[in-house]
Amino acid sequence: MAAKAEDASTAEAVGKAVMVVGIDDSEHSFYALQWTLLHFFSPAVRPSGSYKLVIVTAKPTPTSVISVASPGATDVLPFVESDLRKISSQVIEKAKDICAAHSVLDVEYEVVEGDARNVLCEVVDKHHAEMLVVGSHGYGAIKRAVLGSVSDYCAHHAHCTVMIVKKPKPKH
């Protein structure tokens, strides 16, 4: 943990603002990452790397995925944990591939266990980020009310600017 806090301090010391990009396994979050790299980190717009990039994915806890009160749940927990770790690892690997394809190599990657809403706000605070970028799934009002919106929560609770990147709908 001390090394990561040191990284944030180092980025600030050399005059780089920190930008956190929150991703999950959705095409919307990978689109938001690609959009961010294109608009903030491409050689045409990057004046010697003005941002330190931190990419974070939240890994849900196994107990948030299954009910512990269910019969046999304790037998399944290790398998659920393994699957969640595998998914998080795949998300980070895809993010690394996207960053490499855009020639952005100075990136810090983090997998943090917990609810995405809280994880993103905590990472913003930890790194003293100036900006948080998240994708938008484009849910309607009812689905957003039932499922909750990570982007909406972050827009109200993160202690920095929050940019919500929406994937354009195809034109017919």
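Worth saying up front: this structure is predicted, and the values here are computed from it rather than measured.

1. Section: the side chain of S88
Here comes step 1: Positionally, S88 belongs in helix α4 (residues 73–101).
Here comes step 2: Overall, the relative accessible area of 6% leaves S88 in the buried class.

2. Observations regarding the sheet that holds strand β4 (residues 131–136)
Here comes step 1: If you walk across this open sheet you meet the five strands as β3-β2-β1-β4-β5, and the pairing is parallel. The two strands at the open ends of the sheet, each matched to only one other strand, are β3 (107–113) and β5 (161–166). On average, adjacent strands in this sheet sit at an angle of 25° to one another, irrespective of strand direction.
Here comes step 2: Here seven bridges tie strand β2 (residues 51–59) to β3, and the two strands are oriented parallel to one another. Within β3, the residue paired with V56 across the bridge is E110.
Here comes step 3: Helix α2 (residues 27–41) rests against β1 (17–23), β2, β4 and β5 of the sheet, and its axis sits at about 155° to β1.

3. Focus on the nonpolar core
Here comes step 1: In terms of nonpolar packing, the biggest core is built from 22 residues, with I23, L33, L37, L53 and I55 touching the most fellow members.
Here comes step 2: Of all the elements in the fold, those that place two or more residues in this core are β1, α2, β2, α4, β4 and β5.
Here comes step 3: With five residues, the single largest contributor to this core is α2.
Here comes step 4: Setting aside residues up to four positions removed in sequence, L33 forms contacts with V21, I23, I55, A95 and I98.
Here comes step 5: One finds C121, L132, C154 and A158 within the second-largest nonpolar core, a separate group that totals 15 residues.

4. Here's the deal with the pattern of salt bridges
Here comes step 1: The final tally for this structure, using the stated rule, is nine salt bridges.
Here comes step 2: The closest approach of N and O atoms between E113 and K59, which form a salt bridge, is 2.7 Å. One end of the pair, E113, is in strand β3; the other, K59, is in strand β2, and 54 residues separate them in sequence.
Here comes step 3: The partly exposed category is assigned to E113, whose relative accessible area is 47%.
Here comes step 4: A salt bridge links E81 to R85; the shortest N-O distance between them is 3.0 Å. Remark: R85 and E81 occur in helix α4; sequence separation between them is four residues, near one turn of the helix.
Here comes step 5: A single network of salt bridges, built from pairs that share partners, joins K59, E81, R85 and E113.

5. Quick word on the side chain of T36
Here comes step 1: Note that T36 resides in helix α2.
Here comes step 2: For T36, a relative accessible area of 0% translates into the label buried.
Here comes step 3: In this structure, T36 is in contact with M19, V21, F41 and V133, ignoring residues within four places of it in sequence.

6. Things to note about the packing of aromatic side chains
Here comes step 1: With the rule as written, the count across this model stands at three aromatic pairs.
Here comes step 2: Ring centres of F40 and Y51 lie 5.9 Å apart, and the angle between their planes is 85°; on these two criteria the pair is classed as edge-to-face. Within this pair, whereas F40 is found in helix α2, its partner Y51 is found in strand β2, the two being separated by 11 residues in sequence.
Here comes step 3: The class for F40 is partly exposed, based on a relative accessible area of 22%.
Here comes step 4: Aromatic pair F41 and Y51: ring centres 6.4 Å apart, planes at 55°, arrangement tilted. Separated by 10 residues along the polypeptide, F41 in helix α2 and Y51 in strand β2 bring together distant segments of the chain.

Calculation rules
- Residues numbered from 1 in each chain as written.
- Predicted model: local features only at pLDDT ≥ 70, side-chain atom pairs only at ≥ 80, totals over all residues.
- Heavy atoms only, no water.
- Helix = DSSP H or I, 4+ residues; strand = E, 2+ residues; numbered from the N terminus.
- Buried < 20%, exposed > 50% of the residue type's maximum accessible area, 1.4 Å probe, protein only.
- Pairing = 2+ DSSP bridges.
- Axes fitted to C-alpha atoms, helices over the stretch in contact; angles between N-to-C directions.
- Contact = heavy atoms within 4.5 Å.
- Core = buried A, V, L, I, M, F, W, Y, C linked by side-chain atoms within 4.5 Å.
- Salt bridge = Lys/Arg side-chain N within 4 Å of Asp/Glu carboxyl O.
- Phe/Tyr/Trp six-rings, centres within 6.5 Å; stacked < 30°, edge-to-face > 60°.

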